[in-house]
Amino acid sequence: MKGKAAVYPGTFDPITNGHLSIVNRALKIFDKLIIAILNNPQKEPLFTLEERISMIEGIFKGKPNVEVDSFDGLLVDYVVEKKTNVVLRGLRALSDFEYEFQMALMNRKLNREVQSIFLMTDYKWFYTSSTIIKEAASLNGDISGLVPAAVCRKLKEKFGY
Ligand code: PNS
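Residues numbered from 1 in each chain as written. Predicted model: local features only at pLDDT ≥ 70, side-chain atom pairs only at ≥ 80, totals over all residues. Heavy atoms only, no water.

Engineer: For this particular structure, what's the right way to read the layout of surface pockets?
Structural biologist: Regions of empty space are outlined by a rolling probe, equal in size to a water molecule, passed over the atoms. Taken as a whole, the largest pocket spans an internal volume of roughly 890 Å³. Taken together, 35 residues form the lining of the largest pocket, with Pro9, Gly10, Thr11, Arg89 and Tyr99 sitting closest to its centre. Looking at the lining of the largest pocket element by element, the count peaks at seven residues for helix H4 (residues 94-110). (1 Å grid on protein atoms, 1.4 Å probe; cavity = no way out; pocket = protein on both sides within 12 Å on 5 of 7 lines; lining within 4 Å. Points joined across faces, edges and corners; volume = space filled by probe spheres on them. Helix = DSSP H or I, 4+ residues; strand = E, 2+ residues; numbered from the N terminus.)

Set out below in structure tokens:
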């Protein structure tokens, strides 16, 4: 596909409606989005890499301008490998800012050609994160409306209810 692509990296354990909102809004700016899942078993994710890939592929089935992939190693090297120079990240509260700023500056130190672009989350998702959603789901809390229906089902399966 021709045009400008951006890499949207993350752990996506699991993908939430907040992530989806960032993807859909980014598609109004970029021609293609590569959702790049970090393959880091040390993080001890709830969902395996294969499960996360399959959930995200299911959600974006029929959207040829969204590619789902995984990476390990340095993000900036992966971005170059994908023949682009844009990293997209979503920003929620102030608490995200320090971490994102640090990461963007480190990525810039590692490769000055790679640009980090941030989209503010929609107010609806301001308080949500994969971590807090997993915690609520593990305690049988109602997390419908915060994650896509398929992810909601998978969470229920994982926590055995
Ligand atoms: O969803 P997350 O967990 O906040 O995503 C973090 C991620 C995957 C973007 C970050 O950990 C990452 O880019 N890791 C790859 C390793 C790397 O390049 N590190 C140096 C720059 S900080």
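On we go from here.
Engineer: Would you mind showing me how to read the pattern of salt bridges here?
Structural biologist: In a structure, side chains of opposite charge can pair up when their charged atoms sit close to one another. Following the criterion strictly, the structure yields seven salt bridges and no others. A salt bridge links glutamate 100 to arginine 89, with the nearest nitrogen and oxygen atoms 2.8 Å apart. Separated by eleven residues along the polypeptide, glutamate 100 in helix H4 and arginine 89 in strand E4 (residues 86-91) bring together distant segments of the chain. Glutamate 100 gets classed as buried once you look at its relative accessible area, which sits at 4%. Take arginine 89: its relative accessible area is 17%, and that puts it in the buried class. Several salt bridges converge on common partners, so that one network encompasses Lys32, Glu67, Asp69 and Lys82. (Salt bridge = Lys/Arg side-chain N within 4 Å of Asp/Glu carboxyl O. Buried < 20%, exposed > 50% of the residue type's maximum accessible area, 1.4 Å probe, protein only.)

Engineer: Before we go on, may I ask you to explain empty space enclosed by the protein in this structure?
Structural biologist: Enumeration over the complete set of coordinates arrives at two cavities of 30 Å³ or more. If you add up the space inside the largest cavity, you get close to 50 Å³. Every residue along the wall of the largest cavity is listed here: Pro9, Leu75, Val87, Arg89, Glu100, Met103, Ala104, Asn107, Ser116 and Phe118. The set of elements that each furnish at least two residues to the lining of the largest cavity consists of E4, H4 and strand E5 (115-120). Counting residues per element, the lining of the largest cavity draws most heavily on H4, which supplies four residues. Each residue belonging to the lining of the largest cavity can be placed in one class, and the counts come to six nonpolar, two polar and two charged. Of the volumes computed, that of the second largest cavity is approximately 30 Å³. What lines the second largest cavity is Thr11, Leu38, Asn40, Lys43, Pro45 and Arg52. Of the residues contributing to the lining of the second largest cavity, the split by class is two nonpolar, two polar and two charged. (Nonpolar A, V, L, I, M, F, W, Y, C, P; charged D, E, K, R; others polar.)

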